[in-house]
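As a plain string of letters, each chain reads:
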Amino acid sequence: ILFHAPFPFHAMTAADYRIRAMTRDEAGTAAGWARGEGWNPGLADLDAFLPADPGGFLAGVLDGRMIASISAIRYGREYGFIGFYIVDQPWRGRGYGITLWRAGMERLAGVACIGLDGVLAQEPNYRKSGFVGAYRNRRYGGNPPDVSGGAAGLVDARSAPIGDLAALDRAM
């Protein structure tokens, strides 16, 4: 099988690609990339994860510019979590991402359990690194109807009995 890469092809070399801890601003860039991919990083994720493991956000830097990101957060020796694994679109398919992935996994070497919230298209690659599926997320979205004038059957959830809310949640 032959693979085709778009030209101009910039082959990765050790001389021009570096992996290092991200700055706070670069972590914000990674969060922006995640939103651009349709992911929904929490609004306060960076504020929680950066202090938990300040060296856990890694940047793949080419010629002084961040082109790839990964978070490899350690929670002691028992648990680690991989996230924000993104290569900026023009640099995909050239080896930068897998090099950064390996650096993130190396950073978590010796951790008893590593979690990952991945994307379906990458599941075969996650399996190559020893990951197995634990469960699937369902995400829903849409635009709610305008109920400013009141609508039959709608109530403020804060006034609903907690048991009813729990039953509705279980039914979903």
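Numbers given for residues are sequential positions, taken from 1 along each chain in its written order. Where totals are concerned, whole chains, interfaces and linings use all residues; where local detail is concerned, this predicted model gives features only for residues with pLDDT of at least 70, and gives and counts side-chain atom pairs only at 80 or more. Water and hydrogen atoms play no part in the side-chain values, which are based on all heavy atoms of the structure.

A separate point is the pattern of salt bridges. The term salt bridge refers to a side-chain nitrogen of Lys or Arg lying within 4 Å of a carboxyl oxygen of Asp or Glu. One pass over the full model with this rule turns up six salt bridges. The residue Arg92 makes a salt bridge to Glu37 at a minimum N-O spacing of 2.4 Å. Taken together, the residues Arg92 in the loop between strand E4 (79–87) and helix H3 (96–107) and Glu37 in the loop between helix H1 (24–36) and helix H2 (45–52) connect sequence positions 55 residues apart. Taking relative accessible area as the criterion, Arg92 reaches 33% and is therefore assigned partly exposed. Residue exposure (1.4 Å probe, protein chains only): buried if accessible area is under 20% of the type maximum, exposed if over 50%, otherwise partly exposed. Among the residues examined, Glu37 registers a relative accessible area of 37% and is labelled partly exposed. Across the pair Asp88 and Arg65 runs a salt bridge, and its minimum N-O distance is 2.8 Å. Here Asp88, found in the loop between E4 and H3, pairs with Arg65, found in strand E3 (residues 65–75); they are 23 residues apart in sequence, far enough to count as distant. Note on Arg65: relative accessible area 41%, which makes it partly exposed. Here a helix means four or more residues in a row that DSSP labels H or I, a strand means two or more in a row labelled E, and each is numbered from the N terminus.

Along the chain, the position of Ser69 falls in strand E3. Among the residues examined, Ser69 registers a relative accessible area of 0% and is labelled buried. Polar contacts, as counted here, are pairs of nitrogen or oxygen atoms within 3.5 Å of one another; within protein the pair requires one atom able to donate a hydrogen and one able to accept it, and residues that are adjacent in sequence qualify only if both atoms are side-chain atoms. Here Phe84 takes part through its backbone oxygen, which lies 2.7 Å from a polar atom of the side chain of Ser69. Any two residues whose heavy atoms approach within 4.5 Å are treated as being in contact. Not counting residues up to four positions away in its chain, the partners in contact with Ser69 are Met22, Ala30, Trp33, Leu58, Phe84, Tyr85, Ile86 and Leu100.

So, about the side chain of Arg94. Within the secondary structure, Arg94 is located in the loop between E4 and H3. Although Arg94 is buried, it forms no salt bridge, and the closest oppositely charged side chain is Asp63 at an N-O distance of 9.9 Å. None of His or the chain ends enter the tally, which takes Lys and Arg as positive and Asp and Glu as negative.

With that settled, the discussion passes to the pairing of strand E2 (residues 57–62). With six of its six residues buried, E2 lies for the most part within the structure. Of the two faces of E2, the one lined by Phe57, Ala59 and Val61 and the one lined by Leu58, Gly60 and Leu62 are each fully buried. Bridge count for strand E1 (residues 17–21) against E2 is five bridges, and the pairing is antiparallel. Residue pairing across strands places Arg20 opposite Ala59, the latter belonging to E2. Note that E2 and E3 share six bridges and pair antiparallel. Paired with Gly60 across the bridge in E3 is Ala68. Hairpin connection, E2 to E3: the antiparallel pair is bridged by two residues, and Asp63 has positive phi, about 50 degrees. The pairing criterion is simple: DSSP has to find at least two bridges between the two strands.

This paragraph deals with the sheet that holds E1. Strand order in this open sheet of five strands is E1-E2-E3-E4-E5, and the pairing throughout is mixed. Bordering the open sheet on either side are E1 and strand E5 (113–116), each of which pairs with just one other strand. This sheet shows a mean twist of 25 degrees between the axes of neighbouring strands, independent of strand direction. Inspection of the sheet shows E3 paired to E4 by seven bridges, in the antiparallel sense. Looking at E4, one finds that Ser71 is bridged to Gly83. Helix axes are fitted only over the stretch in contact, all axes being lines through C-alpha atoms; the angle between N-to-C directions runs from 0 to 180 degrees. Each of E1, E2, E3 and E4 touches H1; the most contacted strand, E3, lies at about 95 degrees to it. Taken strand by strand, H2 contacts E2, E3 and E4, and its axis lies near 70 degrees from that of E3.

Attention shifts here to the nonpolar core. Ranked by internal contacts, the top residues of the largest apolar core, which has 18 residues, are Tyr17, Ile67, Ile82 and Trp101. Sorting the residues of this core by element identifies E2, E3, E4 and H3 as the ones contributing at least two each. When sequence neighbours within four positions are dropped, the list of residues in contact with Trp101 reads Ile70, Ile82, Tyr85, Leu116, Tyr126, Ser129 and Phe131. Note on terminology: a nonpolar core comprises buried Ala, Val, Leu, Ile, Met, Phe, Trp, Tyr and Cys residues joined through side-chain atoms within 4.5 Å. By size, the runner-up hydrophobic cluster in this structure holds 15 residues, among which are Met22, Leu46, Ala59 and Ile86.

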